[in-house]
Amino acid sequence: MASTYDQGGIPWFRPIAARLVELLHPGPAETAIDIGAGRGAVAFPLAEAVGPSGRVTAVDISTGMVEMLRADIAAAGVGNVKVVHGDVADLDLAHATYDVVAASLVLFFCPNPEAALHTWLSLVRPVTGRIGITTFGTQDEVWQRVDALFQPHLPSELLDARTVGRNGPFETTDALTALFERCGAEGVVAIEEPVELRLTDAAAWKAWGMSLGQRAMWAAVPEDQRESLLTDAATILEEARRADGMIHLVQQVRYTTARVPA
């Protein structure tokens with residue numbers, strides 16, 4: 001998916017990432033690491049915030065994402081970002097600490113979120129450093145109903161409660177705060193804010209989803225049933241069309257930031 005990932009022309013990951021960076025308050029000459037960088041939704045605003053005297057390390061486990069991000073960075077002429085391939089837990093970062101550690105929409109994909117967060121916190125410079133993550137909250141009623149159309153077709157791993165944010169540490173802001181505190185973080189702040197997706201029609205909704213993780217959901221639907229699913233989705237999505245002529249869907253996003261003690 002790397003070549004088309006988040007390239008559908010509809011703002012989604014970037015506004016979420018921009019808000020996360022804003023909450024982390026990166027400053028000139030600081031160092032930062034973006035975990036699960038993808039196509040750079042976090043890395044680019046981090047690079048701008050720390051400036052030419054700062055340094056950003058962007059890490060992703062996908063070879064394709066790394067190749068595409070390197071090309072994007074080169075094309076944009078950004079000189080203060082280093083792109084690294086691998087899992088942060090396996091990289092030789094034992095003696096590295098950063099002023100800012102960011103991971104947007106990543107933690108719920110980790111097989112052991114608590115262990116992953118422990119690793120990420122070890123990268124935060126004590127006292128002055130900051131860590132911030134984003135995870136999904138709930139969706140509006142229309143969005144939930146169109147997503148429910150996929151559920152009869154999905155294998156169990158695509159119904160994992162960690163990814164839909166309905167159970168465990170991803171259920172509420174309080175649960176996320178507790179997870180951070182168990183891992184040794186302090187000054188934890190968890191807030192939830194809406195992010196709006198605007199679409200012209202059901203075809204745009206499908207095209208948007210095919211450039212993201214929803215592509216796996218479409219792949220799970222038998223080919224001879226996909227047109228029917230899209231027709232059903234179109235009927236539901238029309239309920240969210242507003243006076244401006246656009247379909248408006250709302251996803252709650254949780255932003256959790258913290259520090260580590262000395």
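No experiment lies behind these values; they were computed from the predicted model shown.

A.B. asks: Mind laying out the sheet that holds strand S3 (residues 81-85), listing which residues take part and the relevant values?
C.D. replies: Spatial strand order, S3-S2-S1-S4-S5-S7-S6: 7 strands in an open sheet with mixed pairing. Lying at the two open borders of the sheet, with one neighbouring strand each, are S3 and strand S6 (186-199). Between one strand axis and the next, the sheet turns through 20° on average, direction left out of account. Relative to strand S2 (residues 55-60), strand S1 (residues 31-35) runs parallel, the two being bridged by 5 bridges.

A.B. asks: Explain the environment of Ala 41 to me, and be specific about the residues and the numbers.
C.D. replies: Within the fold, Ala 41 resides in the loop between S1 and helix H2 (43-50). Along the primary structure Ala 41 and Thr 200 are separated by 159 residues, whereas in three dimensions their C-alpha atoms are 23 Å apart. Not counting the four nearest positions on each side in its chain, Ala 41 is found in contact with Phe 13, Arg 14 and Ala 17.

A.B. asks: Go over the pattern of salt bridges with me, naming the residues and quoting the values.
C.D. replies: Counting across every chain of the model gives 12 salt bridges. Across the salt bridge formed by Arg 130 and Glu 30, the nearest N and O atoms sit 2.8 Å from each other. Of this pair, Arg 130 sits in strand S5 (residues 130-139) while Glu 30 sits in the loop between helix H1 (13-24) and S1, and the two are 100 residues apart along the sequence. Just as Arg 130 is buried, Glu 30 falls in that class too.

A.B. asks: Can you explain the pairing of strand S7 (residues 247-259)? Please cite residues and give values.
C.D. replies: In terms of residue burial, S7 counts as a mostly covered element, since 12 of its 13 residues are buried. Of the strand pairs in this sheet, S5 and S7 are connected by 7 bridges, and their pairing is antiparallel. Note on S7: the bridge partner recorded for Phe 136 is Val 253. With 12 bridges joining them, S6 and S7 adopt antiparallel strand pairing. Residue pairing for S7: Glu 186 is matched across the bridge by Arg 259.

A.B. asks: With reference to specific residues and values, describe the packing of helix H5 (residues 141-148) against helix H10 (residues 226-237).
C.D. replies: Describing two packed helices takes the angle between their axes plus the distance from one axis to the other. Interhelical geometry of H5 versus H10 gives an angle of 170° and a closest axis separation of 9 Å. Taken as axis vectors, H5 and H10 run roughly antiparallel relative to one another. Residue-level contacts link Val 142, Arg 145 and Val 146 of H5 to Ala 233, Ile 236 and Leu 237 of H10. When the residues that make up the contact of H5 with H10 are grouped by side-chain class, the tally is 5 nonpolar, no polar and 1 charged.

So, how was this worked out
- Residues numbered from 1 in each chain as written.
- Predicted model: local features only at pLDDT ≥ 70, side-chain atom pairs only at ≥ 80, totals over all residues.
- Heavy atoms only, no water.
- Pairing = 2+ DSSP bridges.
- Helix = DSSP H or I, 4+ residues; strand = E, 2+ residues; numbered from the N terminus.
- Axes fitted to C-alpha atoms, helices over the stretch in contact; angles between N-to-C directions.
- Contact = heavy atoms within 4.5 Å.
- Salt bridge = Lys/Arg side-chain N within 4 Å of Asp/Glu carboxyl O.
- Buried < 20%, exposed > 50% of the residue type's maximum accessible area, 1.4 Å probe, protein only.
- Parallel < 35°, antiparallel > 145°, perpendicular 65-115°, else oblique.
- Nonpolar A, V, L, I, M, F, W, Y, C, P; charged D, E, K, R; others polar.

These figures capture arrangement, not role.
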